Amino acid sequence: KKTLPGPWNLPILGYLHKLDPKSPHLSLTKLAQKYGPVYNIKLGSINAVVIADVKILKKVLAKDETLGRPSLFMIDTVFENKGLVFTSVDLWKDQRKFLANFFKTAGITKVSPNRKKWEMLVTNQLEKILQVMKSQTHGVPVNPSEFVTQYANSIADVLLVGKQSSQEDKTVTGGEKVASVTFRGPLNFMPFLRVLPYFKKTLSSAKQSVNKVRQNQRKLITDYEKSSKDGVPNLVEMFQQQMSHPIYNFDQLQHLIYDLFMTFNEPIITSLLWILLFLAQYHEVQDKVRQELLEVSRGETVTMDDFANLHYTRATIAETARIRTLAPTGLPHSVSETICVEGFTIPKGAMILPLLWAIHMDPNVHEKPEEFRPGRFLDDEGKFFEPESFLPFQSGKRMCLGKEIAQTAMSLFVANVVKDFKIERLDSSALDLTGVYGVVLVPKPQTLIFKKI
Ligand code: HEM
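Now for a look at the structure at hand. Throughout this description, residue numbers start from 1 for each chain and increase along the sequence as written. Reporting of local features is limited, given that this is a predicted model, to residues whose pLDDT is at least 70; pairs of side-chain atoms are given and counted only at 80 or more, and all residues count toward the totals for whole chains, interfaces and linings. The basis for every side-chain value is the complete set of non-hydrogen atoms in the structure, without hydrogens or water.

1. Here we look at the coordination of the iron atom of the ligand
Here the protein supplies the iron atom of the ligand with just one donor, Cys400 (SG), and that contact is 2.3 Å long. Under the scheme used here, helices are H or I runs from DSSP no shorter than 4 residues and strands are E runs no shorter than 2 residues, and both carry numbers assigned from the N terminus. Relative to the assigned elements, cysteine 400 resides in the loop between helix H13 (356-360) and helix H14 (403-420). Only nitrogen, oxygen and sulfur atoms qualify as donors, and only when within 2.8 Å of the metal (3.2 Å in the case of Na, K and Ca); with water excluded, sites may look incomplete.

This is how it looks when you write it as structure tokens:
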């Protein structure tokens, strides 16, 4: 048994004062270089175990003792142990099963009789955005955030409540703002600070924003529509069918809808923005992707079936997910009983911090990790493959539930946009490809030109 190494911690702050608040993933990665791939660090009152090695992380996340989420003050206050993402294990088990079943019914699994219907739903929303892009851009500089946000919102709306919400209901997605207040800031780690006026204000403004979002969601839920015209059932519809069971009440439905808007929109919007920026920066990659798309699709709309032959396109999407890891410090888990992995003892009550950034940027595994090279995801025959040390969705029973959704929505968008538009920078100066950390690593707002081909 090895005791966990780690830096020296101050009594109340722990190591918080030494982490760069703008890029904690970089500070934590430096510590992994010094202390090794598993180390202990105190974040205020929280005892965290950082894991920066893919094999060890997979072993840890495969254990039933690590299925829970840690108790963090702001998160507990906002999410109230309801919904799915931040629930403790009992409720989580039931709701995860329910959602997996919903996704299967909606066609969002690799093998489902409704798979074509789901793809059609995405393609229909994509067609609308492509029309807007064609009519609006004409080589005029735009912030692509507008298009990708509209695209992600429209799919989430139909999938969750069966119809697109009106403009004034859009604060539903204002959930992102709430999320960044909730996840960041010292209140999670030093809850006693809430007695100070500044933090009292932070807490009450987070609660106010949540209430506003929930108010809008209540309206959306009560106005929901039965199966969309594509024949894909929506979440509210399926949830209502279970309402005789005590867990399936209106309050839980609201929390679930909130969680899913949050986990659907932000990752898809952010990942697509990263891909567009990297394609605009690396023209030779963009040209190669387009060439492959034109060969495979012969100018028609690209479908998911085409992706079996779109190796370089898939590699480009994966390489972007590696070099700009969406969740650089992953989503934390908690340890319900002391476990021992690879000789390390991880104590009961610890918070597991999966340092996905360090895994994706490890020079011993990914040669020259700072370089954008889609080729690292291609084997000797030019076929796409995912190396073991690529883990954007984490792993284990609680891994990302939206992997299939994300892959369909992102692949179809990237392929059809690159096929129809040349994505260019405004001038020859390089884009800013550093991100802003807020649990999710978001690109800085930038303008691009989409030239219709
Ligand atoms: C590029 C896109 C995405 C990435 C990289 C991503 C990544 C992640 C990661 C790292 C986790 C934490 C897993 C864990 O705790 O072990 C997670 C959880 C989750 N994701 Fe995603 N995600 C993406 C898109 C989506 C989408 C589109 C949805 C759709 C609803 C979604 C739904 C969820 C849910 C519900 C959870 C919580 C799972 C649970 O607690 O059981 N994600 N995601």
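2. A short note on the packing of helix H6 (residues 145-161) against helix H10 (residues 250-281)
Helix-helix packing is characterised by the crossing angle of the two axes and by the distance between the axes. With their axes 9 Å apart at the nearest point, H6 and H10 run at an angle of 150° to one another. In terms of orientation, H6 and H10 fall into the roughly antiparallel class. Read as a crossing pair, H6 and H10 show a hand that is right-handed. Facing H6, whose interface residues are Ser145, Val148, Thr149, Tyr151, Ala152, Asn153, Ile155, Ala156, Asp157, Leu159, Leu160 and Val161, H10 presents Ile257, Leu260, Phe261, Phe264, Asn265, Ile268, Ile269, Leu272, Leu273 and Leu276. Ten residues, namely Ala, Val, Leu, Ile, Met, Phe, Trp, Tyr, Cys and Pro, are considered nonpolar, four, namely Asp, Glu, Lys and Arg, are considered charged, and the remaining ones, Gly among them, are considered polar. For the contact of H6 with H10, a count of residues per class yields 17 nonpolar, four polar and one charged. Fitted lines through C-alpha atoms serve as axes, helices being fitted only where they are in contact, and the angles separating the N-to-C directions of these axes extend from 0 to 180 degrees. Relative orientations are named as follows: roughly parallel for angles under 35 degrees, roughly antiparallel for angles over 145 degrees, roughly perpendicular for angles from 65 to 115 degrees, and oblique for any other angle. Each helix crossing is assigned a hand: it is left-handed if the near helix lies turned anticlockwise from the far helix by less than a right angle, otherwise right-handed if that turn is clockwise. Any two residues having at least one pair of non-hydrogen atoms within 4.5 Å are treated as being in contact.

3. Concerning the sheet that holds strand E2 (residues 46-51)
Note: two strands are recorded as paired if DSSP finds a minimum of 2 bridges between them. Reading across the sheet, the four strands line up as E1-E2-E6-E3 and stay open at both edges, with mixed pairing between neighbours. With partners counted over all chains shown, the strands left at the sheet margins are strand E1 (38-43) and strand E3 (333-334), one partner each. Pairing geometry for E1 and E2, over six bridges, is antiparallel. Each residue of the ladder has a partner; that of valine 38, found in E2, is isoleucine 51. Helix H1 (residues 24-35) rests against E1, E2 and strand E6 (351-354) of the sheet, and its axis sits at about 135° to E1.

4. Structural notes on H10
A helix is expected to span 1.5 Å for every residue after the first. Over its 32 residues, H10 runs 47 Å from end to end, which matches the ideal 46 Å to within 8%, given 1.5 Å per residue. Burial classification: accessible surface area is computed with a 1.4 Å probe over protein chains only, and a residue below 20% of its type maximum counts as buried, one above 50% as exposed, and the rest as partly exposed. Among the 32 residues of H10, 28 are classified as buried, and the element is accordingly described as predominantly covered.

5. Section: unusual backbone geometry
Within the chain, asparagine 81 stands out as a residue other than glycine whose phi angle is a positive 55°. Tracing the chain through its elements places asparagine 81 in the loop between helix H3 (73-79) and helix H4 (89-106). Relative accessible area serves as the criterion here: at 37%, asparagine 81 is assigned to the partly exposed category. Unusually for a residue other than glycine, arginine 298 sits at a positive phi of about 50°. For arginine 298, the position within the fold is in the loop between helix H11 (283-297) and helix H12 (311-323).

6. Some thoughts on the side chain of asparagine 234
Position of asparagine 234 relative to the elements: it lies in the loop between helix H8 (197-222) and helix H9 (235-240). The exposure class assigned to asparagine 234 is buried, which follows from its relative accessible area of 0%. A distance of 2.9 Å separates a polar atom in the side chain of asparagine 234 from the backbone nitrogen of glutamate 237. Contacts described as polar in this section are N or O atom pairs within 3.5 Å, which, within protein, must combine one atom able to donate a hydrogen with one able to accept it, while residues neighboring in sequence count only if both atoms come from side chains.

7. Observations concerning the pattern of salt bridges
Oppositely charged side chains are able to pair whenever their charged atoms sit close together. Salt bridge, as used here, is a side-chain nitrogen of Lys or Arg placed within 4 Å of a carboxyl oxygen of Asp or Glu. One pass over the structure, following the stated rule, counts 20 salt bridges. Glutamate 80 serves as the salt-bridge partner of lysine 82, at 3.2 Å between the closest nitrogen and oxygen. Residue glutamate 80 is classed as partly exposed on the basis of its relative accessible area of 37%. A salt bridge links aspartate 420 to lysine 419, with the nearest nitrogen and oxygen atoms 3.0 Å apart. According to the relative accessible area criterion, lysine 419 is buried, its value standing at 10%. A single salt-bridge network, built from bridges that share partners, covers Lys55, Lys58 and Glu388.

8. With respect to the site of the ligand
To be near a molecule or strand, a residue needs just one of its heavy atoms within 4 Å of it. Taken together, 25 residues surround the ligand, and among them Arg69, Trp92, Arg96, Gln394 and Cys400 come closest. Glutamine 394 is positioned such that a nitrogen or oxygen atom in its side chain is 2.8 Å from an oxygen atom of the ligand. A distance of 2.8 Å is found between an oxygen atom of the ligand and a side-chain nitrogen or oxygen belonging to arginine 398. For the shell around the ligand, the secondary structure elements donating two or more residues are H4, H10 and H14. Here the shell around the ligand is composed, by residue class, of 17 nonpolar, five polar and three charged.

9. Some remarks on the environment of valine 78
Tracing the chain through its elements places valine 78 in helix H3. With 177 residues separating them in the primary sequence, valine 78 and histidine 255 have C-alpha atoms 9.9 Å apart.

10. Concerning the pairing of strand E8 (residues 435-438)
Relative to strand E9 (residues 440-443), E8 runs antiparallel, the two being bridged by four bridges. Bridging across to E9, valine 436 finds its partner in valine 442. Counting the residues between successive antiparallel strands, the hairpin from E8 to E9 contains one residue, one of them, valine 439, with a positive phi of roughly 70°.

11. Points about the side chain of threonine 313
Residue position: threonine 313 is located in helix H12. Classification of threonine 313 as buried rests on a relative accessible area of 1%. In contact with threonine 313, not counting residues within four places along its chain, are Val289, Glu292, Leu293 and Phe307.

12. Some remarks on the packing of aromatic side chains
Each Phe, Tyr or Trp ring, with Trp reduced to its six-membered ring, pairs with another whose centre is within 6.5 Å; inter-plane angles below 30 degrees give stacked pairs, above 60 give edge-to-face pairs, and intermediate values give tilted ones. Tallied over the entire structure, the rule returns 16 aromatic pairs. Summarising the aromatic geometry, the rings of tryptophan 274 and phenylalanine 278 are spaced 6.2 Å apart at their centres and angled 55° between planes, so their arrangement reads as tilted. Of the two residues, tryptophan 274 and phenylalanine 278 are both situated in helix H10; the distance of four residues between them amounts to about one turn of the helix. With respect to class, tryptophan 274 is no different from phenylalanine 278; both count as buried. Ring-pair connections join several aromatic residues into one group, and the members of that group are Trp274, Phe278, Tyr282 and Phe372. The ring of tryptophan 274 carries the charged tip of arginine 324 above its face, separated from the ring centre by 5.7 Å. Any Lys NZ or Arg CZ that is within 6 Å of a ring centre and within 35 degrees of that ring's normal is treated as a charge sitting over the ring.

The values are spatial; any link to function lies outside them.
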